[in-house]
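Single-letter residue listing:
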Amino acid sequence: MSSDIQTWYKQVPIFTRMWLTGTVGISLLARFGILPPQYLILQSVPLFQKLQLWRPMTAVFFYPLNPATGFHFMLNCFFLYNYSKQLETDHFKQKPGDYFYLLFFNWILCLLIGLLMDLPLLMDPMVLSVLYVWCKLNKDVIVNFWFGTRFKAMYLPWVLLGMNLILSSGSIFSIVGILVGHAYYFLKFIYPQELGGPSLLETPAIIKRYIPDVSGGVHGFGVPPVGQRVVNPQQQQQTTAGRFRLPAPVGPRTRSGPGLR
């Protein structure tokens with residue numbers, strides 16, 4: 001059992017592994033009283049006046065765990081693992097520095113909006129921003145939802161927003177995540193590729209120096225979304241043949257390449 005877990009853990013791509021490990025680790029340490037939760041949330045006064053500079057980072061990793069929030073936390077970890085892993089191993093397979101820059105850009109936007117709107121936790125918007133980018137890059141992939149409902153991936157962020165509006169009071173976090181994800185997608189893809197504008201989100205050279213591109217193989221980064229390319233009907237039918245088998249209320253199943261496992 002332990003060897004299987006260790007093998008699985010080592011196979012998770014590096015940035016997804018670091019993000020998931022930080023999220024689970026810090027949240028559990030706070031749950032058992034080892035870390036004080038009041039020092040982990042985002043607050044402008046202690047951040048700027050007391051120079052508690054760790055707060056912007058811990059606000060992304062930390063989520064308060066209790067019987068009422070545990071299931072939501074597990075769903076967030078599920079979405080984090082699946083969609084971050086799929087982006088990192090598919091669209092950014094040979095450009096890990098570009099994926100790091102995506103995470104950095106989304107984190108900065110989440111941080112700025114969080115400070116302006118006094119949001120203490122950034123886990124929800126950060127996870128949904130990455131999910132949004134994946135959904136836009138795979139907009140025509142069919143995903144499964146509750147009770148056998150199926151729809152295109154492009155609608156998934158809005159379905160999750162609707163569920164949060166109905167079942168919880170965390171809709172503002174979902175809205176922030178969608179805005180942040182769309183900001184990245186627009187500046188990286190729509191503006192330069194469709195509107196003919198300059199590329200405003202080129203990965204800085206210093207990141208490329210420390211996280212260089214990987215040569216060889218085939219990857220999907222930088223190509224237009226699926227909806228703008230010719231899709232083989234037989235291949236598209238094969239992508240929707242599977243069924244999601246986890247008992248989570250939100251459980252999308254995607255095509256065999258970047259699909260959920």
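Fair warning: this is a prediction, and the values are worked out from it, not measured in the lab. (Residues numbered from 1 in each chain as written. Predicted model: local features only at pLDDT ≥ 70, side-chain atom pairs only at ≥ 80, totals over all residues. Heavy atoms only, no water.)

1. Things to note about the UniProt feature "transmembrane region" (unreviewed entry) in the protein chain
- Sites flagged by UniProt as "transmembrane region" (unreviewed entry) map to residues 20–41, 61–81, 101–123 and 155–180.
- For residues 61–81, the helix share is 62%, the strand share is 0%, and the end-to-end C-alpha distance is 13 Å.
- Across residues 101–123 one finds 78% helix and 0% strand; the C-alpha atoms that close the span lie 18 Å apart. (UniProt positions renumbered as here; feature names shortened; annotations may be inferred. Helix = DSSP H or I, 4+ residues; strand = E, 2+ residues; numbered from the N terminus.)

2. So, the environment of K152
- Take K152: it is sitting in strand β2 (residues 150–152).
- Note: C-alpha distance between K152 and V141 (eleven residues apart in sequence) is 5.5 Å.
- In this structure, K152 is in contact with K139, D140, V141, I142 and V143, ignoring residues within four places of it in sequence. (Contact = heavy atoms within 4.5 Å.)

3. What to know about the packing of aromatic side chains
- Taken as a whole, this structure holds 14 aromatic pairs when the rule is applied.
- Aromatic side chains W8 and Y81 sit 5.6 Å apart centroid to centroid with 45° between the ring planes, which places their arrangement in the tilted category. Of this pair, W8 sits in helix α1 (residues 2–11) while Y81 is found in helix α5 (residues 70–91), placing the two residues 73 residues apart along the sequence.
- By relative accessible area, which is 17% here, Y81 ends up buried.
- Its end group placed over the ring of Y9, R17 keeps NZ or CZ at 5.7 Å from the ring centre. (Phe/Tyr/Trp six-rings, centres within 6.5 Å; stacked < 30°, edge-to-face > 60°. Buried < 20%, exposed > 50% of the residue type's maximum accessible area, 1.4 Å probe, protein only. Lys NZ or Arg CZ within 6 Å of the ring centre and 35° of its normal.)

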